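# Results of the structural survey
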Amino acid sequence: MIKRIIPLFSLVLFWGCKGSSTPQVLINREGRNIIADSGMVVSAHSESSRIGVEILRKGGNAVDAAVAIEFALAVCYPEAGNIGGGGFMIYRDPSGRTDMVDYREKAPLKAHRDMFLDPEGSVVPGLSTDTRLASGVPGTVDGMINIHGKYGLLSFRDVIQPAIDLARNGFPLTDEQAADLNGFRQKFIDRNSILPAFVRNDPWKAGDTLKQPELAETLERIRDSGREGFYSGKTASLIAGEMEKGNGIIGLKDLAEYQAAFRAPVEGFYRGFRIVSAPPPSGGAVILLQILGMVEPFQLKDLGFHSSASIHLLVEAEKRAYADRAEYLGDPDFTEIPVSGLLDQGYLRKRMEDFREDTATPSSEIRAGHPLRHETEETTHYSVVDPMGGAVAATTTLNGTFGSGIVIGGAGFLMNNQMDDFSLKPGTPNIYGLSGGSVNSVAGGKRMLSSMTPVILEKDGKLFMVAGSPGGSTIPTTVMQVITNVVDFDMDIANAVDAGRFHHQWLPDRIEYEKTAFDRFTENKLKEIGHTLRERESLGRVNAIMVMPDGRLKAGADRRGLNSAYGY
Ligand code: DON
């Protein structure tokens, strides 16, 4: 449903503005496609976007705002925002230096390769998605504390407090959220011995206030004791106790040993734009840069936006990238991942040697390539740009909507069902239809392969765009289309984000597309050259910011969902 949100203008005094020495009154703006002078946040909920901008106005940088947003999303967007899950955050400081924190969940130490199989060797339906066994050890809290400790300007107390207040005082539910909670009600009842705040007798309606006092207490323990407030003490005991109520295997040792990891982001170029994104254990950047590298020699613009020829080209590149994903991508702490071989220009040109302009190559004829192994080495995305020119792109998730649906009794937060992102059995697809091999098999302490693709783009050494999306396996192709829409098809960020999308992931061998993506004529052309098509209601929910030539910031808050941009 497309909702037009009329921009709200509220007057706030602020002295100073990017590139100006004259004191100026900067106005708070809210909407989907607003323009701002100084700082901007685009996230999945208006409460988290508002909180992020308040932190920027207090003198916080993009990391301070991002940490405040991440905790706020755990309160106001429990569908995906979390402290019981994980994600990837890229930071580009005002001088252009980039860093990334990987706060992806890890399999518990007792996890093992065949843990989701029955005695006959088949995957047990629901075990990796709907039970206590579905959860990896949460990474969000350690990730936030680490990135804040490294780059934050404000105190940790200052950035977490707004989320605590939001949990304690409550916030009004949107109509989509009321429907989500009502739709999930029976699952919450079936999967929890202590009824969570998400369940009440009457159905939820838009505008009802959701208060989460137990979550507020958990966040207070994190505020007061930092990492120890979550990974040991009362919260850790509550998590371990919740696991014991069912088949869960996360214990105190798993929590005590969990560490987020700073990793060098993956970088590449597309038509002169520098793209910075998340490395394995996310496959997002590799897939994105592989697709872009494969299509770069072609004149995408001349083929035409959403013409059958341009869709065919992109889809054929997508198939080849996803075939490589299944073979080569997993946790770099467990297996050597040939990232630079997979992104090598020569390798990518070779991957497209069998591309035929007039025929779809069946996925059954596409195998993973042979990159050189010379290595030196319901999700939600939010984007932040601060007044100093720093930027954060972060994607965070519980995996499924509301994760496993299991709330830690007494601690008020939902656990992830990220274990399903492992390859549970070679060749057996997960909930996103992705299958893979031993490189992504379950093992204690290992991170499951992700598709999350937070990106920061630079043009001529200057910040140009911040973007990312939820959507499981469709994340890299969603982000890729936002980039090609801007770079090849000259769209502004709002149109680039709102444009219809399509997706191919090698297996299953079909193009998934939104109804609005292309017309009947294009559909027929694609079928004629051998593609199978399947309509999908929606693909991705991008939250992006673009720096305009005059230095102002333009928001692209996806029309899909109730995304919200705040800026000033
Ligand atoms: O890490 C991943 O790739 C998935 N767990 C992301 C899940 C997701 O995007 C769900 N949102 N629609």
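Quick summary incoming for the structure in this document. (Residues numbered from 1 in each chain as written. Predicted model: local features only at pLDDT ≥ 70, side-chain atom pairs only at ≥ 80, totals over all residues. Heavy atoms only, no water.)

### Some details on the pattern of salt bridges
Quick reminder of the rule: One side-chain nitrogen of Lys or Arg within 4 Å of one carboxyl oxygen of Asp or Glu is enough to make a salt bridge. Secondary structure elements follow DSSP: runs of H or I of four or more residues count as helices, runs of E of two or more count as strands, with numbering from the N terminus. The buried label goes to any residue with under 20% of its type's maximum accessible area, the exposed label to any with over 50%, and the partly exposed label to all in between, with areas taken from a 1.4 Å probe on protein chains only.
Applying the stated criterion across every chain, the model contains 45 salt bridges. Between Asp102 and Arg263 there is a salt bridge, with its nearest N and O atoms 2.8 Å apart. Of the two residues, Asp102 sits in strand β6 (residues 98–102) while Arg263 sits in strand β9 (residues 261–263), which places them 161 residues apart along the sequence. We note that Asp102, like Arg263, is buried. Note that Arg552 and Asp550 form a salt bridge whose closest N and O atoms lie 2.8 Å from each other. Looking at Arg552, the relative accessible area reads 32%, which means it is partly exposed.

### Some words on the packing of aromatic side chains
As a reminder, the rule being used: Put simply, two rings from Phe, Tyr or Trp (the six-membered ring, in Trp's case) pair if the centres are within 6.5 Å, and we call them stacked under 30 degrees between planes, edge-to-face over 60, tilted for the rest. By definition, being over a ring means that NZ of Lys or CZ of Arg is both within 6 Å of the ring centre and within 35 degrees of the ring normal.
In total, this model carries 15 aromatic pairs according to the counting rule given. Both rings, one in Phe273 and one in Phe464, keep their centres 5.0 Å apart while their planes meet at 50°; by these two values the pair is tilted. Like Phe273, the residue Phe464 is buried in the burial classification. Pairing Tyr513 with Phe518 gives two aromatic rings, centres 4.9 Å apart and planes at 20°, and the pair type is stacked. Look at Tyr513 and you get buried, because its relative accessible area is 6%. Overall, the relative accessible area of 8% leaves Phe518 in the buried class. Three or more aromatic residues joined by ring pairs make a cluster, and in this case those are Phe184, Phe188, Phe198 and Phe402. Its guanidinium or amino end placed over the ring of Tyr231, Arg227 lies 4.5 Å from that ring's centre, counting from NZ or CZ.

### Description of the sheet that holds strand β18 (residues 533–536)
Condition: Pairing between strands requires that DSSP locate at least two bridges from one strand to the other.
Pairing is mixed across the open sheet formed by three strands, whose spatial order is β16-β17-β18. Since the sheet does not close on itself, it has two edges, and those belong to β16 (502–503) and β18, each with one partner. Sheet analysis places strand β17 (residues 511–514) next to β18, joined by four bridges and oriented parallel. In the sheet register, Ile511 faces β18, and the bridge partner there is Leu533.

### Looking at the side chain of Thr396
Heads up, the condition is: Polar contact criterion, stated in full: a pair of N or O atoms within 3.5 Å, where within protein one must be able to donate a hydrogen and the other to accept it, and residues adjacent in sequence count only if both atoms are side-chain atoms. Residue contacts are defined here by distance: any two heavy atoms, one from each residue, within 4.5 Å place the two residues in contact.
In this structure, Thr396 sits in strand β13 (residues 391–397). Here the side chain of Thr396 touches Asn82 through a polar contact of 2.9 Å, side chain to side chain. A distance of 3.2 Å separates a polar side-chain atom of Thr396 from the backbone oxygen of Gly86. Leave out the neighbours within four places in its chain, and Thr396 touches Glu70, Ala80, Asn82, Gly86, Gly87, Tyr103, Thr140, Thr379, Thr380, Tyr382 and Met452.

### A look at the layout of surface pockets
For clarity, the threshold we go by: Using a 1 Å grid laid over the protein atoms alone, points where a 1.4 Å probe fits but cannot get out form a cavity; open sets with protein on both sides within 12 Å along at least 5 of 7 lines form a pocket; any residue with an atom within 4 Å of a point counts as lining. Grid points are joined across faces, edges and corners, and a volume is the space filled by probe spheres set on the points.
Quantified by volume, the second largest pocket comes out at close to 500 Å³. Together, 21 residues line the second largest pocket, and Lys462, Leu463, Val547, Met548 and Gly551 are the ones closest to its centre. Secondary-structure elements contributing two or more residues to the lining of the second largest pocket are β15 (462–467) and β19 (543–547). Ranked by the residues each element gives to the lining of the second largest pocket, the list is headed by β15, at three residues.

### Considering the site of the ligand
Quick reminder of the rule: Working definition: residue near molecule or strand if any one of its non-hydrogen atoms lies within 4 Å of it. Computed with a 1.4 Å probe, the accessible areas rest on the Shrake-Rupley method; for each residue, only the protein chains presented here act as cover. All residues other than Ala, Val, Leu, Ile, Met, Phe, Trp, Tyr, Cys, Pro, Asp, Glu, Lys and Arg, Gly among them, are scored as polar; the first ten of these are nonpolar and the last four charged. Those domain boundaries reflect an automatic or database domain assignment.
Near the ligand you find 15 residues, and of these Thr379, Asn399, Gln418, Asp421 and Gly472 are the closest. A distance of 2.6 Å separates a nitrogen atom of the ligand from a polar atom in the side chain of Gln418. Take Gly472: an N or O atom from its main chain is 2.7 Å from an oxygen atom of the ligand. Taken by itself the ligand offers 340 Å² of open surface, and the protein chains cover 93% of this. Here the residues of the shell around the ligand sort into four nonpolar, eight polar and three charged. Structurally, the shell around the ligand is a two-domain feature, drawing no fewer than three residues from each of domain 1 (52–62 + 75–262 + 392–434) and domain 2 (265–276 + 291–378 + 452–543).

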